[in-house]
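These are the residues of each chain, in order.
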Amino acid sequence: MNGYINEPLEINMPAPNGTYEITVTITAHSDTTFSLYSQHRSFIVRDREIKKGESVDITFAVSVSDRHFAECEYEKAAGIKIQIATDGDITATAAVSPVDIPTVYICGDSTVTDQPASYPYEPSSTYCGWGQAFPELIYPSLAVSNHAQSGSCTTEFIANNLTAFENKINRGDYMVIEFGHNDQKRTELDAMGGYKKNLLYLAETARKAGAEPIICSPINRILFMPNGKLMNLLGSYRDAAKAAAKEAGCTFIDMWQRTTDYFETAGPVKSKQFFRHDDVSHDYTHTNDIGGRLIAKMFAQEMIAKKGPLAKHIAADRTETVQLYASPEDKADNAADFAHVAGVGLVNVPEDFDADIRDLQK
């Protein structure tokens, strides 16, 4: 994906809570590449080439919704926001009309949330939850309202974020639910206890509104053991999410398994390109724009394979991924990662977690 030097061109339009169809017309006055985002940097188009003198119409759906993040004031929706990132000379206009289509409400943590970017922009050093990359993969028949928040666990989400849309979600809508990373830091949110109970509460909230819940297991962290396998920190939360989906009678998307399989195959060196990194640090939990886009495609692929409730809204030709493979010489020093994870306050961990950490720090 391209980096951009200039601040993006913005189009802002006042609009009350609701769903809207937007058509953006972009005209190029020089050969260039552009990316298009909506609302809180939701991906719509990435790195599309356009030649001098050409015009292109891009039609997509937007959900305008209030938000209520934990430890923040209730946030009234500002309206419709469109950003166009390019280093070329373009002009852009937007046409807006209300539309009656379903919305998918996303519940989750930092691995799913919308993340900002700074300019000059570099996709490898920018945080990105997979929920913000998902809109790029769908038709204008569906709007996305991403309420996921960094640091959120199921209890905090129910107490805060859910209050912004629990009276807006309607029959025919959808609710995607993915948590685990921060629940693991709360003693009362053990996998088969408080965590599973809260997943079922969210699923029931959707069902009471006539919406369809979709429960996902959490994506895995890329903490590689010496044998090339990922440390199984979140496996019990994967099992609990699967059990909750079965009990609720709803679609289960196994993001833990998909990410585990992909990154173990890619190995400890190649996997790091999908997680936020720069010249001085790298992350083992939070994806960058490259990784967020990859994992959104994994979600879409699983939804199509299961013939799940969102499958009809997904453009299958946009979901292709390329599997990377580890080379025999790929080795990584993960000592700093294991030192870090030992201090982030995880309490609901496998019995051998402390022993594994000590062994790896020797």
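Before reading on, note that the structure itself is shown above.
What counts as what
- Residue indices follow the written sequence of each chain, beginning from 1 at its first position.
- Totals for whole chains, interfaces and linings use every residue, but because this is a predicted model, local features are given only for residues with pLDDT of at least 70 and side-chain atom pairs only at 80 or more, for both listing and counting.
- Side-chain measures were taken over the full set of non-hydrogen atoms in the model, leaving aside hydrogen atoms and water.
- Helix axes use the C-alpha atoms of the stretch in contact, all axes being lines fitted to C-alpha atoms, and the angles between their N-to-C directions lie in the range 0 to 180 degrees.
- Every helix listed is a DSSP run of H or I at least four residues long, and every strand listed is a run of E at least two residues long, numbered separately from the N terminus.
- Angular relationships are summarised with four words: roughly parallel below 35 degrees, roughly antiparallel beyond 145, roughly perpendicular across 65 to 115, and oblique for the angles in between.
- Handedness of a helix crossing follows the sense of rotation of the near helix relative to the far helix, less than a right angle counterclockwise being left-handed and clockwise being right-handed.
- Here, two residues are considered to be in contact whenever any of their heavy atoms come within 4.5 Å of each other.
- Only Asp, Glu, Lys and Arg are considered charged, only Ala, Val, Leu, Ile, Met, Phe, Trp, Tyr, Cys and Pro nonpolar, and every remaining residue, Gly among them, polar.
- Any cysteine sulfur atom paired with another within 2.5 Å is treated as part of a disulfide.
- Burial classes: relative accessible area under 20% of the type maximum marks a residue as buried, over 50% as exposed, and values in between as partly exposed (1.4 Å probe, protein chains only).
- Between Lys or Arg on one side and Asp or Glu on the other, a salt bridge is scored when a side-chain nitrogen of the former is within 4 Å of a carboxyl oxygen of the latter.
- Paired strands, in this sense, are two strands between which DSSP finds at least two bridges.

Draft legend 1. Highlighting the packing of helix α5 (residues 255–270) against helix α6 (residues 289–305). Running from N to C, α5 and α6 cross one another at 125°; their axes reach a closest spacing of 10 Å. In terms of orientation, α5 lies oblique with respect to α6. Note on packing geometry: the crossing formed by α5 with α6 is right-handed. On α6, the residues that touch Met255, Arg258, Thr259, Tyr262 and Phe263 of α5 are Leu294, Ile295, Met298, Phe299, Gln301 and Glu302. Looking at side-chain class alone, the contact of α5 with α6 contains seven nonpolar, two polar and two charged residues.

Draft legend 2. Inspection of the state of the cysteines at higher detail. Overall, the coordinates contain zero disulfides when judged by the stated rule. Here cysteine 107 stays free of any disulfide, with the sulfur of cysteine 216 as its closest cysteine sulfur at 10 Å. Cysteine 107 supplies the cysteine sulfur nearest to cysteine 153, a cysteine that is in no disulfide, at a spacing of 13 Å. A relative accessible area of 1% means that cysteine 153 is categorised as buried.

Draft legend 3. Focus on the pattern of salt bridges. Following the criterion strictly, the structure yields 17 salt bridges and no others. Two residues, arginine 67 and glutamate 75, come together in a salt bridge whose shortest N-O distance is 3.5 Å. Classification of arginine 67 by relative accessible area gives buried; the value is 11%. Of the charged contacts in the structure, one is a salt bridge between arginine 276 and aspartate 278, with a shortest N-O distance of 2.8 Å. Given a relative accessible area of 15%, arginine 276 falls into the buried group. With a relative accessible area of 31%, aspartate 278 lands in the partly exposed category.

Draft legend 4. Quick look at the sheet that holds strand β6 (residues 80–86). Spatially, β1-β6-β3-β4 is the arrangement adopted by the four strands of the open sheet, whose pairing is antiparallel. In this open sheet, the two strands that pair with only one neighbour each are β1 (9–13) and β4 (42–50). Going from strand to strand, the sheet's axes swing by 15° on average, the running direction of each strand aside. In the sheet, β1 pairs with β6 via five bridges, with the strands oriented antiparallel. Opposite leucine 9, over in β6, you have isoleucine 84 as the bridge partner.

Draft legend 5. Broad picture of the sheet that holds strand β11 (residues 212–216). Pairing is parallel in the open sheet, where five strands are placed in the order β9-β8-β10-β11-β12. Across the chains shown, the open sheet's two edge strands, defined by having one partner strand only, are β9 (143–146) and β12 (251–253). With strand direction ignored, the average angle separating the axes of adjacent strands in the sheet is 20°. The pairing of β11 with β12 spans three bridges and is parallel. Within the sheet, the bridge partner assigned to isoleucine 214 lies in β12 and is threonine 251. Contacts from helix α3 (residues 191–208) reach β10 (174–178) and β11 within the one sheet, and its direction differs from that of β11 by about 155°. Across the face of the sheet, helix α4 (residues 235–248) comes into contact with β11 and β12 while running at roughly 165° to β12.

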